Amino acid sequence: MTAEGRIGLLLPSWAKREALRSGSSVQLKAAQNEPPPLQKVREADVQALKLRGEQVATCIFCDNELTEGTKPEHILLNALGGRKTTRRVDCSMCNGKFGSTIDNEVGKQVAVLRNMLQLDSGTGGEPTMLRKIQSGGDVINLMNDGTPELVAKPFSIRKLENGGFELLITTKSVEEIEPYVPHIAAQLRCTEEQVFQILKSTTGSYVERRPETVHHALGFGGPIAVRSAAKSALVLWATLTGSDEVKLPQYDDVRRFITDGDEAFNLTRAHLDSRYLPEATELVRRFGKFFNLIYVRSNESGRVVAHFTLYNVISWHIVLAETGGTPNARIALVSNPLEPAEWSDTIADEVEIDFAWLDSPDYTDELKRARERLEGALRHHVETQRERELSRIIDAVFTKRGIVGEHELFKDPRLWQEIIAEIGHRFALHALGLPYVETVSGEEIAARLRAVRDKGA
Ligand SMILES: [Zn+2]
């Protein structure tokens, strides 16, 4: 390459081109002796590249372009009540893949706790229903709102030796028998009218009872869930330091761990931590007793460690970079799963957690401390469940008397007394774990089923 060509390339200003065109060797020499412009242009080039790089941001995991249409990534998982999202770190494809794999694993692990504590997702989704749970001799479903429901066949028919039969119906209410009437008729080879006659001659009983103790196995962690925690922490860190930083080689290991899993990484760079956070009291005061916290901090040599606390019960320590990350920086995200609108991504400015503390995980107590905190969560469940049950019983007693929604003040003191007595009675039985039984006559069953039919017709 000639000197002329080189200079022409590096100095693309009109003035210099004019000079080149004149072909004067002196001018060329002069131009060659100008190292500062060369340096400047290099810087300009780099800056231009950087600008372009920011306009066309790419995914930190696969280099896919990030656009305005990129799906927002929940930094703290939506399932954990996370609301803060970013479109600037990973692409929709990776987001979707994580959602159905590593994030899904965390979602499954916290499903029981979410149902028990009634924790909505970040976007307001209800907890998932827990199906087919053994409760003493029964199998129950725990509905989205935590209400237990018996899993039973709606009806069964047993032939008796004397040629007769026994019809057993199990539904939540008398009204719910109605859709089964044609099926019962078909099995008994009779008309629907005959089914009504049979029902009329029986007595039904409405039984309400508290489910037996349910044993849930709660397990948090494992390599798949830790990958999800590492992803949350790395994405949070990228929002502070920029995506380019976490694409550097010093983050290769953690990125590979997140995308593909890596047993060696899991053993050496991710650790359980059951210590109480030094600032737990302050965090509980502001974000409730089950706060979720992601705290990422680096020291002066750029060692970057993440501390991920799940429901203030158990934590993970994950080394995002051994060295060479942005030094002396910190960012944290905290959120209240009981009230997902209460969260903060500036908490690291207000609550400082020492790097040395973050970087010395410990669970030598064999998770005794974590168990203590989990028991606290269960107590909270029992307390809130009792309140919910009380209001459910009150609703049921009112509804039975046709009192729904807004109503007139009670003018009849006897009705009021009756209501209070029934609520007290039912709640006492519930508290003692005894069933509440209410008999329904066959006549009433038939009449209520006909009422359902008339409404439908
Ligand atoms: Zn991607």
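Cut-off values and rules
- Residues numbered from 1 in each chain as written.
- Predicted model: local features only at pLDDT ≥ 70, side-chain atom pairs only at ≥ 80, totals over all residues.
- Helix = DSSP H or I, 4+ residues; strand = E, 2+ residues; numbered from the N terminus.
- Buried ≥ 20, exposed ≤ 12 C-beta atoms within 10 Å, placed from the backbone.
- Contact = placed C-beta atoms within 7 Å.
- Pairing = 2+ DSSP bridges.
- Axes fitted to C-alpha atoms, helices over the stretch in contact; angles between N-to-C directions.
- Nonpolar A, V, L, I, M, F, W, Y, C, P; charged D, E, K, R; others polar.
- Core = buried A, V, L, I, M, F, W, Y, C linked by C-beta atoms within 7 Å.
- Expected span 1.5 Å × (residues − 1).

**Q** Describe the overall build of the protein, naming the residues involved and giving the relevant values.
**A** A count of helical and extended segments in the protein gives 18 helices and 15 strands. Every one of the 457 residues in the protein was classed for burial, and the buried ones make up 26%. Relative to all contacts within the protein whose residues are 6 or more apart in sequence, the contacts with residues 24 or more apart total 66%.

**Q** Could you give an account of the sheet that holds strand β4 (residues 138-142), with specific residues and numbers?
**A** In a beta sheet, neighbouring strands are held together by backbone hydrogen bonds and run either parallel or antiparallel to one another. A sheet is described by the order of its strands in space; here three strands give the open sequence β3-β4-β5, paired in antiparallel fashion. On the outer flanks of this sheet lie β3 (130-135) and β5 (148-150), each paired with one strand and no other. Shown here is a sheet whose adjacent strand axes are inclined to one another by a mean of 40°, direction ignored.

**Q** How would you explain the packing of helix α8 (residues 192-200) against helix α18 (residues 442-456) if you had to name every residue and give the values?
**A** For any two helices packed against each other, one specifies the crossing angle of their axes together with the interaxial distance. Two elements in contact, α8 and α18, have axes separated by 7 Å at closest approach and are oriented at 145°. For the pair α8 and α18, the contacting residues are Phe196, Leu199 and Lys200 in the first and Gly442, Glu443, Ile445, Ala446 and Leu449 in the second. Tallied by class, the residues present in the contact of α8 with α18 amount to five nonpolar, one polar and two charged.

**Q** Just give me the short version of the environment of Leu267, but keep the residues and values in it.
**A** With respect to the element layout, Leu267 can be found in helix α12 (residues 263-268). As a C-alpha pair, Leu267 and Pro223 span 44 residues in sequence and 9.1 Å in three-dimensional space.

**Q** Outline the environment of Ile419, listing residues and values.
**A** Within the secondary structure, Ile419 sits in helix α17 (residues 413-432). For the pair Ile419 and Phe398, spaced 21 residues apart in sequence, the C-alpha to C-alpha distance is 7.5 Å.

**Q** Provide a residue-level description of the nonpolar core, including the pertinent values.
**A** Soluble globular proteins tend to pack their nonpolar side chains together in the buried interior. Counting residues in each nonpolar core, the largest one holds 67 residues, and the members touching the most others are Ala230, Ala233, Leu234, Trp237, Ile294, Val296 and Leu320. The leading source of residues in this core is helix α9 (residues 223-241), at 10 residues. Other than its neighbours up to four places away in sequence, Leu320 contacts Ala233, Leu234, Trp237, Tyr251, Val254, Val296, Val304, Val305 and Ala306. One finds Val174, Leu199, Ile445 and Leu449 within the second-largest nonpolar core, a separate group that totals seven residues.

**Q** Mind laying out the sheet that holds strand β10 (residues 292-298), listing which residues take part and the relevant values?
**A** Read across the sheet, six strands follow the order β9-β12-β11-β10-β13-β14 without closing on themselves; strand pairing throughout is antiparallel. Looking at strand neighbours, the two that pair on one side only are β9 (270-273) and β14 (343-344), the edges of this open sheet. Sitting on the sheet, α9 is in contact with β9, β10, β11 (304-310), β12 (314-321) and β13 (330-335), with an inclination near 55° to β12.

**Q** Which residues make up helix α16 (residues 368-400), and what values go with them?
**A** Over its 33 residues, α16 runs 47 Å from end to end, which matches the ideal 48 Å to within 8%, given 1.5 Å per residue. Listing the buried residues of α16 in full gives Ala370, Ile393 and Val397. Each element contacted by the buried residues of α16 is listed here: β12 and α17. Within two residues after α16, Gly402 carries a phi angle of roughly 75°, on the positive side.

**Q** Lay out unusual backbone geometry with the relevant residues and their values.
**A** Phi at Lys132 takes a positive value of approximately 50°, unusual for a residue other than glycine. Among the secondary structure elements, Lys132 is positioned in strand β3. Judged by the 9 C-beta atoms lying within 10 Å of it, Lys132 is exposed.

**Q** Now, about the pairing of β13: what can you tell me, with residues and values included?
**A** Buried residues dominate β13, accounting for five of its six residues. Both β10 and β13 contribute to a ladder of six bridges, which runs antiparallel. When the bridges of β13 are listed, Asn292 appears paired with Ser335.

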